[in-house]
Amino acid sequence: RGYYIRARAVDHCVQDFLQKTQSHPRTQILSLGAGFDSLFFRLKDLGLLRRTVVYEVDFPSVARRKAALIRRTEELSALLGDIGGEGLGAVAGEGYRLLGVDLSELSHLEKALEEAGLDRGVPTVVLAEVVLTYMETSRSDALIQWAAERFSQVCFLLYEQMHPEDPFGRVMQRHFRQLNSALRSLETYPEREDQERRFLQRGWSECSMVDMNEFFTTCTSEEEQRRVQALEPFDEYEEWHLKCSHYFVLAASKGMEPPWTPLLPTLTGSPHRGPTRVVGSVPAAACASNPDSLGLRRYGHRSVLLKPNVVLTTGGFGEDDGQHCRVRTFHVLVKREGGWRAGGVRQEMPDTRWGERLYHTALCLSDDVVLLVGGRTSPSSSGVATVWLKVSGTSAEWDAAEVTVEPVDLPPVAEPPSHRWRHSTTQVTFQGENFLFLYGGRSATEPVLGDWCFLRIPELSYTVIPVEGAVPERRHSHGACAWEGGAVIAGGLGADEKPLGSLFFLRELQRGFGWQPMETHPPLVPRYSHTAHVHDGKLLLVGGVWLRSSSVPGVTVVDLTTGLCLDYTIDVEPLEWPLMLHNHSSVLLPNEKELLVLGGGGNCFSFGTHLNSEPVLLDLNSILTT
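Not measured: the values here are computed from a predicted model. (Residues numbered from 1 in each chain as written. Predicted model: local features only at pLDDT ≥ 70, side-chain atom pairs only at ≥ 80, totals over all residues. Heavy atoms only, no water.)

Details of the domain arrangement of the chain
- Domain boundaries in the chain define domain 1 (1-163 + 183-226 + 249-254) and domain 2 (278-625).
- Facing nine residues of domain 1, the contacting portion of domain 2 comprises six residues.
- Counting each side, the surface lost to burial between domain 1 and domain 2 is near 560 Å², with a carbon and sulfur contribution of 46%.
- In this structure, the connection of domain 1 to domain 2 is made through one salt bridge.
- On the surface where domain 1 and domain 2 come into contact, there are two residue pairs in polar contact (both at pLDDT 80 or more). (Domains from an automatic or database assignment. Contact = heavy atoms within 4.5 Å. Buried area = accessible area lost by both parts, 1.4 Å probe. Salt bridge = Lys/Arg side-chain N within 4 Å of Asp/Glu carboxyl O. Polar contact = N/O pair within 3.5 Å; in protein donor to acceptor, adjacent residues only side chain to side chain.)

Shown next as structure tokens:
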């Protein structure tokens with residue numbers, strides 16, 4: 001999807017340029033650092049370049065390899081007609097010039113383009129897709145200014161990275177450094193405003209830009225969005241949205257009448273702009289743990305508090321025996337004097353694959369019984385059995401943090417509702433009895449679910465309980481908490497893969513339950529992949545992903561009585577590594593007013609796997625007493 005949205009944005013803007021200049025007898029496209037881009041051949045095949053000459057420039061070695069590929073490929077050669085090209089002109093065909101020149105040498109570039117026939121007076125669009133950021137900033141700035149000064153009617157299309165200092169940005173920078181391809185522009189032009197100012201100060205009269213989330217949701221038709229979302233099994237929503245929030249497309253112009261505005265939204269309802277209302281910060285500190293805590297380098301797992309000082313973690317994808325894989329082993333974290341440390345687990349499971357699942361739910365029904373519901377092994381497989389786990393040990397074993405985890409022999413649970421993942425399970429009360437409320441999620445056949453069911457505890461038998469009121473939007477990756485006998489549902493990812501900012505309370509009524517929407521002021525910023533807890537009537541939303549690319553979610557506190565909504569950042573200065581607060585788990589320690597964050601991160605196709613290094617403690621005392 002990342003490559004798709006890049007190509008889609010460039011095609012969208014270039015075709016907009018061709019359409020807006022169709023009254024001109026001739027136009028030009030100048031592609032800087034073109035590499036092996038196929039833009040010319042795609043547009044030529046569509047019949048869109050009848051009046052346009054395309055100039056592509058890259059290092060001589062790259063241009064020679066591309067020229068050889070074109071010459072030996074019949075379909076490409078046929079689109080060029082008679083092929084020539086000598087010296088710097090690696091290929092010269094009908095409406096196409098491929099030049100081998102170093103972009104940083106402006107005098108050489110200008111001479112080569114003049115010899116190839118580039119016309120100063122013809123409307124021209126200059127393309128630079130992830131090219132300028134690899135150059136010394138002074139040289140890339142000079143190139144931007146040169147383009148503005150050289151042409152009388154000119155547009156510039158730039159596709160690059162931004163937001164280098166948030167957690168995902170740091171992971172992104174590390175990836176490029178490992179490739180010996182540092183992103184040089186980011187130091188001087190890290191944010192949206194910096195890039196816009198860069199162009200306006202170098203001769204360009206108009207400049208606008210959007211991140212790729214904005215482009216996909218506001219400049220791409222809903223029909224095309226649905227087509228892309230249905231192409232393949234997909235479950236990497238967090239990495240898709242985070243990558244898109246760290247790349248932008250910028251359109252600048254000079255001398256164009258009317259002004260070139262290819263990035264005006266064609267759809268409404270973009271949630272991306274606007275500042276976040278931050279009222280304070282929450283201190284974060286790494287836990288004092290031994291090296292065995294590496295067992296918590298995982299994501300898509302679930303954690304529960306068994307005792308005030310014991311946390312059990314199940315499932316996820318992460319490190320196990322030195323490899324990245326679905327984690328089959330359970331993990332116990334125990335608090336002792338000096339901090340938290342990993343305990344020992346004897347895992348007596350007849351089939352270790354029972355523990356191999358992502359995006360399930362784990363509910364602690366007593367201090368030694370945990371229920372695992374749903375989850376997946378792959379985006380096309382969600383048939384994971386529901387499991388009762390018993391955590392046992394003698395007093396001495398508990399003191400030594402050496403426990404046994406084994407399945408409990410209870411009546412089988414009806415499986416259909418658990419054939420899902422990214423759902424929620426919450427313990428609710430109706431007429432004095434306890435029930436498991438299973439809601440939402442997604443499955444291998446349905447990208448988002450909005451149904452629910454009630455399962456009587458402990459036998460987990462289906463029970464029909466009437467539910468009144470307007471049904472919430474379908475969602476997955478939401479937060480769900482027990483409160484006043486019912487359940488609070490917060491946020492999530494909706495049917496169109498857009499985060500939701502709605503908040504609902506499933507409250508007990510005389511004859512059943514009722515859905516009650518809850519208003520917050522200011523409105524809750526739409527988000528998903530967060531964790532949620534309730535403490536003394538306050539809802540805590542921790543981390544997650546939202547589409548406001550100017551900031552990352554910290555901790556949001558919602559007063560469930562008054563609706564007051566306050567956002568707090570997380571002070572990560574004490575941490576030596578990027579804290580990725582999505583796909584994580586968290587456990588509320590009510591006595592200490594602390595939150596223990598375990599694991600988190602993800603697997604991004606572009607930048608590799610990032611797993612949070614160790615558990616983190618968030619001190620909530622200041623925000624829970626205000």
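Quick word on the pairing of strand β20 (residues 387-392)
- Direction of pairing for strand β19 (residues 369-373) relative to β20: antiparallel, over a ladder of four bridges. Looking across to β20, one finds that Leu372 is bridged to Val387.
- Pairing geometry for β20 and strand β21 (residues 402-407), over four bridges, is antiparallel. Note that in β21 the partner of Leu389 across the bridge is Pro407. (Pairing = 2+ DSSP bridges. Helix = DSSP H or I, 4+ residues; strand = E, 2+ residues; numbered from the N terminus.)

Comments concerning the environment of Tyr159
- Summarising the element assignment, Tyr159 is placed in strand β6 (residues 154-161).
- By relative accessible area, which is 3% here, Tyr159 ends up buried.
- Separated by 50 residues in the primary sequence, Tyr159 and Met209 have C-alpha atoms spaced 9.5 Å apart. (Buried < 20%, exposed > 50% of the residue type's maximum accessible area, 1.4 Å probe, protein only.)

Considerations on the sheet that holds strand β12 (residues 310-314)
- The strand order β11-β12-β15-β16 describes an open sheet built from four strands, whose pairing is antiparallel. In the strand order of this sheet, the two ends are held by β11 (302-307) and β16 (339-342), each with one partner. Pairwise comparison of adjacent strand axes, ignoring direction, gives a mean angle of 25° for this sheet.
- Two strands pair when backbone bridges link them, and strand β15 (residues 331-336) and β16 are joined in this way by four bridges, in the antiparallel orientation. By the bridge assignment for β16, Lys335 is matched with Trp340. (Axes fitted to C-alpha atoms, helices over the stretch in contact; angles between N-to-C directions.)

What about the pairing of strand β34 (residues 565-571)?
- Relative to β34, strand β9 (residues 278-286) is paired through five bridges, and the arrangement is parallel. Along β34, the bridge assignment pairs Gly280 with Tyr568.
- Where strand β33 (residues 555-559) lies against β34, four bridges are found, and the strand directions are antiparallel. Bridge pairing in β34 places Val558 opposite Cys565.

Points about the packing of aromatic side chains
- Under the counting rule described, the total for this entry stands at 25 aromatic pairs.
- Measuring from centroid to centroid gives 6.1 Å for Trp146 and Phe151, while their planes differ by 80°, and the two rings are edge-to-face. Assigned by exposure class, Trp146 and Phe151 land together as buried.
- Note on Phe430 and Phe513: the rings are 5.7 Å apart at their centroids and 40° apart in plane angle, and the pair reads as tilted. Separated by 83 residues along the polypeptide, Phe430 in strand β22 (residues 424-430) and Phe513 in strand β30 (residues 513-517) bring together distant segments of the chain.
- Assessed through its relative accessible area of 9%, Phe430 is described here as buried.
- Through a chain of ring-to-ring contacts, the aromatic side chains of Phe430, Phe437, Tyr439, Trp452, Phe454, Phe504, Phe513 and Trp515 assemble into a single cluster.
- The ring of Tyr359 carries the charged tip of Arg422 above its face, separated from the ring centre by 4.1 Å. (Phe/Tyr/Trp six-rings, centres within 6.5 Å; stacked < 30°, edge-to-face > 60°. Lys NZ or Arg CZ within 6 Å of the ring centre and 35° of its normal.)

Brief notes about unusual backbone geometry
- The residue after Ile457, namely Pro458, is reached through a cis peptide bond having omega 15°.
- Here Pro458 lies in the loop between β24 (452-456) and β25 (461-463).
- Here the residue pair His521 and Pro522 is connected by a cis peptide bond, since its omega of -5° sits within 30 degrees of zero.
- Position of Pro522 relative to the elements: it lies in the loop between β30 and β31 (531-535).
- With a phi close to 55°, His163 is a non-glycine residue in the positive phi region.
- As for its placement among the helices and strands, His163 is situated in the loop between β6 and α7 (167-178).
- For Ser529, which is not a glycine, the phi torsion comes out positive at approximately 60°.
- Relative to the helices and strands, Ser529 is located in the loop between β30 and β31.

Quick word on the sheet that holds strand β39 (residues 616-619)
- The eight strands are arranged β31-β32-β33-β34-β9-β39-β36-β35 in an open sheet whose pairing can be described as mixed. What marks the edges here is a single partner per strand, and that holds for β31 and β35 (585-589). For this sheet, the mean inter-axis angle between neighbouring strands, taken without regard to orientation, is 25°.

Describing the pattern of salt bridges
- All told, the structure shown has 33 salt bridges when counted by the stated rule.
- In this structure, Arg42 and Asp37 form a salt bridge, with 3.6 Å as the shortest nitrogen-oxygen distance.
- A salt bridge links Arg202 to Asp141; the nearest nitrogen and oxygen atoms lie 3.3 Å apart. With Arg202 in the loop between α9 (192-200) and β7 (206-211) and Asp141 in helix α6 (residues 137-150), this residue pair connects regions lying 61 residues apart in the sequence.
- Salt bridges here are not isolated pairs; linked through shared partners, they connect Asp235, Glu238, Arg376, Arg422 and Arg442.

Here we look at the side chain of Thr124
- Structurally, the position occupied by Thr124 is in strand β5 (residues 124-129).
- Of the residues examined, Thr124 reaches a relative accessible area of 0% and is grouped as buried.
- With near-sequence residues (within four places) excluded, Thr124 lies in contact with Phe17, Gln28, Leu30, Asp119, Phe151, Gln153, Val154 and Cys155.

A short note on the side chain of Arg442
- Relative to the helices and strands, Arg442 is located in the loop between β23 (433-439) and β24.
- Relative accessible area serves as the criterion here: at 5%, Arg442 is assigned to the buried category.
- Separated by 2.7 Å, the side chains of Arg442 and Tyr237 make a polar contact.

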